[in-house]
Amino acid sequence: MDKTYLQIKDQCRKDLLQYLEKAISAIPEIKDREILDAGCGSGVPTLFIAEKLGGNITAFDPDTASVNFLREKVNKLNLSDKINVSRCSLSDIKTNEVQFDLILAEGLLNVIGFQQGFLTFLKLLKRKGFIIIHDEFSKQKEKIEFIEQNHCKAVKSFVLDEQVWWNNYYKCLEKEISAVSDKELLKLFEPDLREISMFKQNPTPFMSVYYIVEKI
């Protein structure tokens, strides 16, 4: 995959980091915390977490190009002693190896299923640890009930509405794609262009929710 493609996506993704920062603000400070970034992609949230919270970060994703790009950025920033990047899936993370103070899941539960993924996270999370989940908008009440049925507390949640997604992501992405002249690179953006078209037709399904969860 062309690295320019990932760089453009990263550039637009950064406009959403203010909402991750809002989620982080609900978590108490802990020194030397162990952090898991589950489904890290190319690592925009990973590097932001490293800057804001420090600690040791284990970041994983099954996509080879994204993982390689994140490794490149980690090495360039001299953070390889703090951020360990792996190409793998959630099922490859062994629960007996390490337990985490904080787990970040930016969109992963949309893919693997909320309940299944959440229960796996609990096995990896220390008592009094936190999970930050960025998830699709649907079934909020049911998800909070499931969280609380599993010895956890949803300490905070907030919605990213259609305007947020347009102003802080899709508007930027559409503008950057329109400036691309390379035909091969444009082919990579075809799924993104379809997504933008779908958003314009009906933006409501693109709303999302942050849940900040404490294991009690």
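Conventions we followed
- Residues numbered from 1 in each chain as written.
- Predicted model: local features only at pLDDT ≥ 70, side-chain atom pairs only at ≥ 80, totals over all residues.
- Heavy atoms only, no water.
- Core = buried A, V, L, I, M, F, W, Y, C linked by side-chain atoms within 4.5 Å.
- Buried < 20%, exposed > 50% of the residue type's maximum accessible area, 1.4 Å probe, protein only.
- Helix = DSSP H or I, 4+ residues; strand = E, 2+ residues; numbered from the N terminus.
- Contact = heavy atoms within 4.5 Å.
- Axes fitted to C-alpha atoms, helices over the stretch in contact; angles between N-to-C directions.
- Left-handed = near helix turned anticlockwise from the far one by under 90°.
- Disulfide = S-S within 2.5 Å.
- Pairing = 2+ DSSP bridges.
- Right-handed = clockwise from strand over helix to strand, strands pointing away.

### Concerning the nonpolar core
Phase 1: If you look at the biggest cluster of nonpolar residues, it comprises 47 residues, and the most contacted ones within it are Leu 20, Ile 132, Leu 160, Leu 173, Phe 189 and Tyr 210.
Phase 2: Element by element, the count of residues in this core is highest for helix α8 (residues 162-178), at seven residues.
Phase 3: The residues contacting Ile 132, other than those within four sequence positions of it, are Leu 20, Ala 23, Ile 24, Ile 27, Leu 102, Ile 103, Leu 104, Ala 105, Tyr 210, Tyr 211 and Ile 212.

### Some words on the environment of Gln 115
Phase 1: With respect to the helices and strands, Gln 115 occurs in helix α6 (residues 114-124).
Phase 2: By relative accessible area, Gln 115 is classed as partly exposed at 48%.
Phase 3: Separated by 44 residues in sequence, Gln 115 and Arg 71 place their C-alpha atoms 30 Å apart.

### Notes on the packing of helix α1 (residues 3-13) against α8
Phase 1: Direction vectors running N to C along α1 and α8 enclose 145°, while the axes themselves pass 8 Å from each other. Both α1 and α8 take part in a crossing whose hand is right-handed. On α8, the residues touching Ile 8, Lys 9, Gln 11, Cys 12 and Arg 13 of α1 are Asn 168, Tyr 169, Cys 172, Leu 173 and Glu 176.

### Details of helix α3 (residues 44-53)
Since the α-helix advances by 3.6 residues per turn, residues separated by three or four positions end up pointing in the same direction.
Phase 1: In terms of burial, α3 is a largely internal element, seven of the ten residues being buried.
Phase 2: Every buried residue of α3 is listed here: Val 44, Pro 45, Thr 46, Leu 47, Phe 48, Ile 49 and Ala 50.
Phase 3: Trailing α3 by a residue or two, Gly 54 shows a phi angle of about 70°, which is positive.

### Some words on the state of the cysteines
Phase 1: Counted by the stated rule, this structure contains one disulfide.
Phase 2: Here Cys 12 connects covalently by a disulfide to Cys 172, the sulfurs 2.3 Å from one another. Between Cys 12 and Cys 172, the S-S dihedral sits near -75°, and the bridge is therefore left-handed. In this pair, Cys 12 sits in helix α1 while Cys 172 sits in helix α8, placing the two residues 160 residues apart along the sequence.
Phase 3: For Cys 12, a relative accessible area of 0% corresponds to the buried category.
Phase 4: Residue class for Cys 172 comes out buried when judged on its relative accessible area of 16%.
Phase 5: Of all cysteine sulfurs, the one in Cys 40 lies closest to Cys 88, which takes part in no disulfide; the gap is 8.7 Å.

### Digging into the environment of Cys 172
Phase 1: Separated by 57 residues in the primary sequence, Cys 172 and Gln 115 have C-alpha atoms spaced 33 Å apart.
Phase 2: Sequence-distant contacts of Cys 172, defined by excluding residues within four places in its chain, comprise Cys 12 and Asp 15.

### As for the pairing of strand β3 (residues 83-87)
Phase 1: Inspection of the sheet shows strand β2 (residues 56-61) paired to β3 by five bridges, in the parallel sense. From the neighbouring strand, Asp 61 faces β3, where its bridge partner is Arg 87.
Phase 2: Considered for its hand, the β-α-β crossover made up of β2, helix α4 (residues 64-76) and β3 is right-handed.

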